[in-house]
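Coordinate inspection notes
Below, each chain spelled out in residue letters.
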Amino acid sequence: MGNRIYLAETNDLSEGTMKNFKLNGQDILVALINGNYYATDSYCPHMGGALFHGKLEGTIVTCPRHGSQFDLRNGHVVRWLKGTGLITSIGKVLKPPRKLTTYPIKLENGKIFIEQ
Ligand code: FES
């Protein structure tokens, strides 16, 4: 069973946005989408792109570095690297797709907790 750790206030986020929070030296990305909160690692599992600087469309975040996309609900890879050229193909072989780590969220009295 994981530890429940306070992360933020629910009103630190507005609907349809995502934000980076620090938690014991670790960066955690939290998004509020359709009234649901999601928490994941803040950095892309490809080469560490800052996902909080990426684009959020629904529950899909696009990495600002090479365009990989992840579903914040479960961390699944929607697209691994943008493009279809030789360089992208080689990149996919050298670094195969890796899912984004997600963390369960608990809400209590206007506070967001995650379990690690
Ligand atoms: S660092 Fe995110 S796609 Fe490369």
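This section reports on the structure supplied with the text.

Calculation criteria
- Residues numbered from 1 in each chain as written.
- Predicted model: local features only at pLDDT ≥ 70, side-chain atom pairs only at ≥ 80, totals over all residues.
- Heavy atoms only, no water.
- Helix = DSSP H or I, 4+ residues; strand = E, 2+ residues; numbered from the N terminus.
- Rg over C-alpha atoms; globule rule 2.2 N^0.38 Å.
- Buried < 20%, exposed > 50% of the residue type's maximum accessible area, 1.4 Å probe, protein only.
- Contact = heavy atoms within 4.5 Å.
- Areas by Shrake-Rupley, 256 points an atom, 1.4 Å probe, with all protein chains shown as cover.
- Lys, Arg positive; Asp, Glu negative; His and termini not counted.
- Charge placed at Lys NZ, Arg CZ, Asp CG, Glu CD.
- Pairing = 2+ DSSP bridges.
- Axes fitted to C-alpha atoms, helices over the stretch in contact; angles between N-to-C directions.

**Observations regarding the overall build of the chain**
Across its full length, the chain holds one helix and 11 strands. Tracing the chain from N to C terminus, the helices and strands come up as β-β-β-β-β-β-β-β-α-β-β-β. A compact globule built from 116 residues should have a C-alpha radius of gyration of about 13 Å, and the chain, at 15 Å, falls within 12% of that. In terms of overall dimensions, the chain has a C-alpha envelope of 50 × 30 × 20 Å along the principal axes. For the chain, the residues scored as buried account for 40% of the 116 residues in total. Here the contacts in the chain between residues at least 6 apart in sequence split such that 40% fall between residues at least 24 apart. Roughly 6,600 Å² of accessible area belongs to the chain as shown, and the carbon and sulfur atoms make up 52% of that amount. Distance from the positive charge centre (14 side chains) to the negative charge centre (9 side chains) of the chain: 10 Å.

**Regarding the sheet that holds strand S1 (residues 4–9)**
Read across the sheet, three strands follow the order S1-S11-S10 without closing on themselves; strand pairing throughout is antiparallel. Edge positions in the sheet fall to S1 and strand S10 (105–108), since each has one partner strand and no second. Across the sheet, the mean angle from the axis of one strand to that of its neighbour is 30°, orientation sign disregarded. For S10 and strand S11 (residues 111–115), the ladder comprises four bridges, and the chain directions are antiparallel. Within the sheet, the bridge partner assigned to Ile105 lies in S11 and is Ile114.

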